[in-house]
Each structure stands twice: as C-alpha cells, then as structure tokens.
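Summary of the model geometry
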Amino acid sequence: MDLRIFTEPQQGASYDTLLTVAKATEDLGFDAFFRSDHYLSMGSADGLPGPTDAWITLAGLARETSRIRLGTLMTAGTFRLPGVLAIQVAQVDQMSGGRVELGLGAGWFEEEHKAYGIPFPKEKFARLEEQLAVVTGLWGTETGKTFSYDGTYYTLQDSPALPKPVQQRIPVLIGGHGATRTPRLAARYADEFNIPFASLEDTERQFGRVRAAAEETGRTPDDLVYSNALVVCAGRDDAEVARRAAAIGRDVDELKANGLAGSPAEIVDKIGRYAAAGSSRIYLQILDLDDLDHLELLSSQVQSQLN
C-alpha cells in the first residue's frame, strides 16, 4: 500500500508552508506530495494568506525535493487551456527529473470561478474529454512531428507538441463518483483511478465499474492503479485524536465513519479494508499543515506497519 500526502492549500497555506510539508513528506518516507487545485477556500476557513497556484507550487517543489512524486488531485479543466497545461506539466516534469503526475478533472466549484473571473461553462465533462485527448496527444507525438486536433471545444493545428516530459508517459489520474461517463473516461485515458472520500461499499462498486469499462475498451483492468483519497486524523490516544479533530473543525465519530481516524492500529485496520476493496494507494488528506508531528506519527506507526 502506497501512502501519499494530500494537501488542501486553498484553506490557508503559503508556499513556504507547503515546502515544509513537502520536505517532511520526503524525509518521512511517504511516496508523494499532492495538492488540490483551487483558488477559493471552502467552509469556514479564512484562506489566509490567499491561494497558491498548483503548478507554480509544484514547479518550486520540483527543485526543492529529490525523491517524492508530485501532482494534483485534481487540476480543474476549467482553469487552463489544454495546450498550455501540457506545456506546464511537461516543464515541471523536466524540473523534477521525471516525478510528476497529472490529476485532471472537469472542475466543479463555481464560486471560485466567479471570484477570479474564470469562465464556468455549462458543458464541462465533454470539455474534459477533449482536454485529455489534447494533453496526452501532445505528449505522445513523436519529436519532429506535429499534432493537430479538431474538436468541438478545442482546435490545434500543426502544433510542434513541445516540450516533451522526461517520463515517457506522465501518469494521468482521473477520479470521481460518476457511474457511467467517469469509468469510461478513466478506461480510455487514465493510468490511475481515484475515488475521493468514499465508503468501502462505494469504493468497491466504483472500482468494479472502472474495471468493467477497461475490459470493454480492450484494456487489462489491472493496468490501472486504483486509489482512495481520505481525510486522516491519527492520535496516540483518544485525547490526541480529539485535539486534532477539533483543530480541523471536525467530529471524531464523523471522521471515523467517513475517513481514517483513531489510533494507528485503527487506521491500519481500516486501510486494510480499503485494500481488500481493491485500493493499492491512499492519499492521506492532511488539513492541519502546521502539525508536522501528525506526519511523523503516520510515518512511524501507520506507514511502517503497512510496509
């Protein structure tokens, strides 16, 4: 089971804070550092000191880390034109020496679009499908040849399809709860399918849909990585769990029901149940980015048992 650290900087984090967490992620032996791609805080968070851009952040971290994978859960397809996104991600892959992964979704948070003047189109899923075709098509075009695409939403003519990433294929993550179109899209384009904040039952059901869609497209279902993103709140005792839950404004019982909460043993047991449902990778959503002791506990008493 791979454990990755997943952050939500729109809730309030500077680049320096993210750099500190990313370095701790690397030092403590986790597999990767991922971040959300949002420009507006959610819920009661004040979001101070303000949003950080996902790919600018990852470019900085690419130069400040040496081992961990770096990526997004999920980049909003509404934020960037696909040709520009392909250039950005390929460049960050170069800057990291080939450690980048791209999670790409349709975009859903209308308020952040209004707040920063970003168009929020009605038909987002069809746009996402074209974006995936363009991004992967640009990366996959042989050097010296050109790439053209004539879609409903995007048209590219004789693109040199540069720059190229270091990796022969940058892993593409697609995720969500949709029962029909999402599995089909994952089967066509994804290297990894991620389901966020889902129960064991919903996880198993959705993984089954993706596996079936992969078979229908002629892919071997095991070619994909299947993963979960879950909020985590660990403690050495009940008081520490309660303190960490309070710090993120959540209830312990709710966290135990909907995420990974409790003692390290409880968390290891629940991760084992997700593994039985088909997951081989967990993105641990860390909401208090100042609590580095939490990361140390997860490394020493959760990750160590899973390894």
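In short, a report on the structure. (Residues numbered from 1 in each chain as written. Predicted model: local features only at pLDDT ≥ 70, side-chain atom pairs only at ≥ 80, totals over all residues. Heavy atoms only, no water.)

What to know about the nonpolar core
Of all hydrophobic cores here, the largest spans 73 residues; its most connected members are Trp55, Trp139 and Leu284. A per-element tally of this core places helix 5 (residues 125–140) first, with eight residues. In this structure Trp55 touches Asp37, Thr72, Thr75, Arg80, Leu85, Val89, Val92, Val100, Glu101 and Leu102, once residues within four positions along its chain are discounted. Ala32, Phe34, Leu173 and Ala229 belong to the second largest nonpolar core, which has seven residues in total. (Core = buried A, V, L, I, M, F, W, Y, C linked by side-chain atoms within 4.5 Å. Buried < 20%, exposed > 50% of the residue type's maximum accessible area, 1.4 Å probe, protein only. Helix = DSSP H or I, 4+ residues; strand = E, 2+ residues; numbered from the N terminus. Contact = heavy atoms within 4.5 Å.)

Focus on the packing of helix 1 (residues 15–27) against helix 2 (residues 54–64)
Where helix 1 contacts helix 2, the axes come no closer than 10 Å and their chain directions differ by 45 degrees. By the angle between their directions, the pair helix 1 and helix 2 is classed as oblique. Crossing of helix 1 against helix 2: the hand is right-handed. Where helix 1 approaches helix 2, its residues Tyr15, Leu18, Leu19, Ala22 and Lys23 are matched on the opposing element by Thr57, Gly60, Leu61 and Glu64. Looking at the contact of helix 1 with helix 2 residue by residue, the classes come out as five nonpolar, two polar and two charged. (Axes fitted to C-alpha atoms, helices over the stretch in contact; angles between N-to-C directions. Parallel < 35°, antiparallel > 145°, perpendicular 65-115°, else oblique. Left-handed = near helix turned anticlockwise from the far one by under 90°. Nonpolar A, V, L, I, M, F, W, Y, C, P; charged D, E, K, R; others polar.)

So, helix 7 (residues 200–216)
An ideal rise of 1.5 Å per residue puts 24 Å on 17 residues; helix 7 measures up with 24 Å between its terminal C-alpha atoms. Considered for burial, the residues of helix 7 that qualify are Leu200, Thr203, Gln206, Phe207, Val210, Ala213 and Ala214. End-on view of helix 7: buried residues confined to an arc of 150 degrees, all on one side of the axis. Summarising the geometry of helix 7, the exposed residues directed more than 90 degrees from the buried face are Glu201, Glu204, Glu215 and Glu216. Among the residues trailing helix 7, Gly218 stands out with phi positive, at a value near 90 degrees. (Expected span 1.5 Å × (residues − 1). Arc of directions from axis to C-beta.)

Notes on the side chain of Thr25
Position of Thr25 among the secondary structure elements: in helix 1. For Thr25, the side chain forms a polar contact with the main-chain oxygen of Val21, separated by 2.8 Å. Leave out the neighbours within four places in its chain, and Thr25 touches Ile5, Phe30, Ala32, Phe33, Arg67 and Ile68. (Polar contact = N/O pair within 3.5 Å; in protein donor to acceptor, adjacent residues only side chain to side chain.)

Looking at the packing of aromatic side chains
Working definition: an aromatic ring pair is given by the centre-to-centre distance plus the angle between the planes. All told, the structure shown has seven aromatic pairs when counted by the stated rule. Joined through ring pairs, the aromatic side chains of Tyr39, Phe79 and Tyr116 make up one cluster. One Lys or Arg, Lys124, reaches over the ring of Phe120 and ends 4.2 Å from the middle of that ring. (Phe/Tyr/Trp six-rings, centres within 6.5 Å; stacked < 30°, edge-to-face > 60°. Lys NZ or Arg CZ within 6 Å of the ring centre and 35° of its normal.)

These figures capture arrangement, not role.
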